Amino acid sequence: MLTMNQGLKARIFGILEPGDEDSKYFDPFIMALILLNVVAVVLETVQWIYTPYAPLFPAFDVFSVAVFIVEYILRVWSCTEDPRFKGPIQGRLRFMMTPLAMVDLLAVLPFYLPILISDLRFMRAMRLFRLFRVLKLARYSESLQTFVDVLRLKKEELLLMLFAIMILLVVSSSLMYEAENAAQPDAFASIPAAMWWGIVTLATVGYGDVYPVTSWGRFIGSIVVILGIGLFALPTGVLASGFAEVLAKRKEEQKMQKFRCPHCGRYIGDLACSAGPGDEEPKEK
């Protein structure tokens with residue numbers, strides 16, 4: 001019985017794990033279901049589509065939630081097949097705290113929260129939280145997983161740039177408030193109000209709804225525009241270098257995978273280095 005359970009658990013783990021031979025049918029099904037959920041959330045806001053098919057949208061949501069719940073339970077049950085999550089309790093708890101497992105949980109929670117809270121405005125807001133289901137694609141899409149790996153690799157640099165942008169936003173908004181408050185008390189009523197101008201200017205969008213009219217304000221604005229162009233160009237270079245590093249690492253792993261021994265799992269180069277002179281076969285005389 002134990003052997004049968006272990007075999008079933010291994011088979012289910014193989015089906016649920018993207019890229020495995022057993023998952024070639026499950027992966028397209030779950031990806032299509034996720035995309036259809038996103039389409040359903042969007043179409044629910046179109047009245048001439050939603051009204052005639054109103055009963056179908058909740059029914060499809062119930063079906064989707066049922067599939068996602070079964071998937072989540074099976075993942076938690078079979079995760080101990082992964083060496084990283086060994087242990088019936090501790091291993092499963094570690095798995096449940098991983099980012100992808102948290103995304104799986106967020107995909108079904110919005111369905112149950114409106115049941116516990118009767119506020120209609122909150123229930124309408126919860127419909128939008130179903131868009132969290134699109135994050136589940138990161139598990140099945142290699143491209144999205146590459147982007148996640150890049151963000152994880154360059155998180156320190158990106159956080160540093162975000163911190164620099166926030167400092168520049170506060171300083172520029174404060175200076176613009178001092179320069180424009182007297183001339184435009186409605187547009188620059190406070191420093192938080194001036195931050196709207198700071199955001200659209202640093203992002204080089206420039207909607208034109210709020211702009212400086214004084215000489216000092218225009219001078220400060222020109223400096224902020226120049227700094228914004230340079231500052232927002234830095235994350236592009238960081239992400240580009242991150243993509244290059246991640247792709248190069250994956251190509252190296254794929255290359256080394258060809259030289260892995262199918263029996264012991266060690267690289268053939270390591271086996272050759274570990275073999276000493278005494279391990280050579282004796283030559284025939």
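Basis of the calculations
Residues numbered from 1 in each chain as written. Predicted model: local features only at pLDDT ≥ 70, side-chain atom pairs only at ≥ 80, totals over all residues. Heavy atoms only, no water. Helix = DSSP H or I, 4+ residues; strand = E, 2+ residues; numbered from the N terminus. Buried < 20%, exposed > 50% of the residue type's maximum accessible area, 1.4 Å probe, protein only. Contact = heavy atoms within 4.5 Å. Areas by Shrake-Rupley, 256 points an atom, 1.4 Å probe, with all protein chains shown as cover. Core = buried A, V, L, I, M, F, W, Y, C linked by side-chain atoms within 4.5 Å. Phe/Tyr/Trp six-rings, centres within 6.5 Å; stacked < 30°, edge-to-face > 60°. Axes fitted to C-alpha atoms, helices over the stretch in contact; angles between N-to-C directions. Parallel < 35°, antiparallel > 145°, perpendicular 65-115°, else oblique. Left-handed = near helix turned anticlockwise from the far one by under 90°. Nonpolar A, V, L, I, M, F, W, Y, C, P; charged D, E, K, R; others polar. Expected span 1.5 Å × (residues − 1).

> Account for the overall build of the protein chain, with residues named and values stated.
Secondary structure assignment for the protein chain yields 14 helices and zero strands. Counting from the amino terminus, the protein chain carries its helices and strands in the arrangement α-α-α-α-α-α-α-α-α-α-α-α-α-α. Relative to its 285 residues, the protein chain shows a buried fraction of 30%. Looking at the protein chain alone, contacts between residues at least 24 apart form 62% of all its contacts between residues at least 6 apart. Just so you have it, the protein chain exposes about 18800 Å², and 70% of that area is on carbon and sulfur atoms.

> Now, about the environment of Phe95: what can you tell me, with residues and values included?
Structurally, the position occupied by Phe95 is in helix 5 (residues 90–96). Residues Phe95 and Arg75, 20 residues apart in the sequence, show an inter-C-alpha distance of 8.9 Å. For Phe95, the contacting residues outside a window of four places in its chain are Arg75, Val76, Cys79, Phe85 and Ala101.

> So what's going on with the nonpolar core? Which residues, and what values?
Counting residues in each nonpolar core, the largest one holds twelve residues, listed as Ile165, Leu168, Leu169, Met176, Phe188, Ala194, Trp197, Leu202, Val210, Ile220, Val224 and Leu231. No other element matches helix 11 (residues 155–180), which puts four residues into this core. Setting aside its immediate chain neighbours within four residues, Leu169 contacts Met195, Gly198, Ile199 and Leu202. Core analysis: the second largest hydrophobic core is formed by eleven residues, Phe26, Ile34, Val108 and Leu137 among them.

> Describe the packing of aromatic side chains, and please don't skip the residues or the numbers.
All told, the structure shown has five aromatic pairs when counted by the stated rule. Geometrically, the ring pair formed by Tyr50 and Phe57 is tilted, given 5.3 Å between the ring centres and 40 degrees between the ring planes. Considering the side-chain rings of Trp216 and Phe219, the 6.0 Å spacing of their centres and the 85 degrees angle between planes classify their relative orientation as edge-to-face. Here Trp216 pairs with Phe219, and both are found in helix 13 (residues 215–257), just three residues apart, close to one helical turn. Taking relative accessible area as the criterion, Trp216 reaches 64% and is therefore assigned exposed. Here Phe219 falls in the partly exposed class, since its relative accessible area comes to 47%.

> I'd like a description of the packing of helix 2 (residues 26–43) against helix 4 (residues 56–78), backed by residues and values.
Axis separation between helix 2 and helix 4 bottoms out at 11 Å; the angle between their running directions is 140 degrees. Taken together, the axes of helix 2 and helix 4 lie oblique to each other. Relative to helix 4, the crossing made by helix 2 is left-handed. Within the contact between the two elements, helix 2 uses Phe26, Phe29, Ile30, Leu33, Ile34, Leu36, Asn37, Ala40 and Leu43 and helix 4 uses Phe57, Phe60, Asp61, Phe63, Ser64, Val67, Phe68, Glu71 and Arg75. Per-class residue counts for the contact of helix 2 with helix 4 are 13 nonpolar, two polar and three charged.

> Outline helix 11, listing residues and values.
End to end, helix 11 covers 37 Å across 26 residues, agreeing with the expected 38 Å (1.5 Å per residue, within 8%). For helix 11, every residue scored as buried is listed here: Met161, Ile165, Leu168, Leu169, Ser172, Ser173, Met176 and Glu180.

Note that every value here comes from positions in space, so none of it alone points to a role or purpose.
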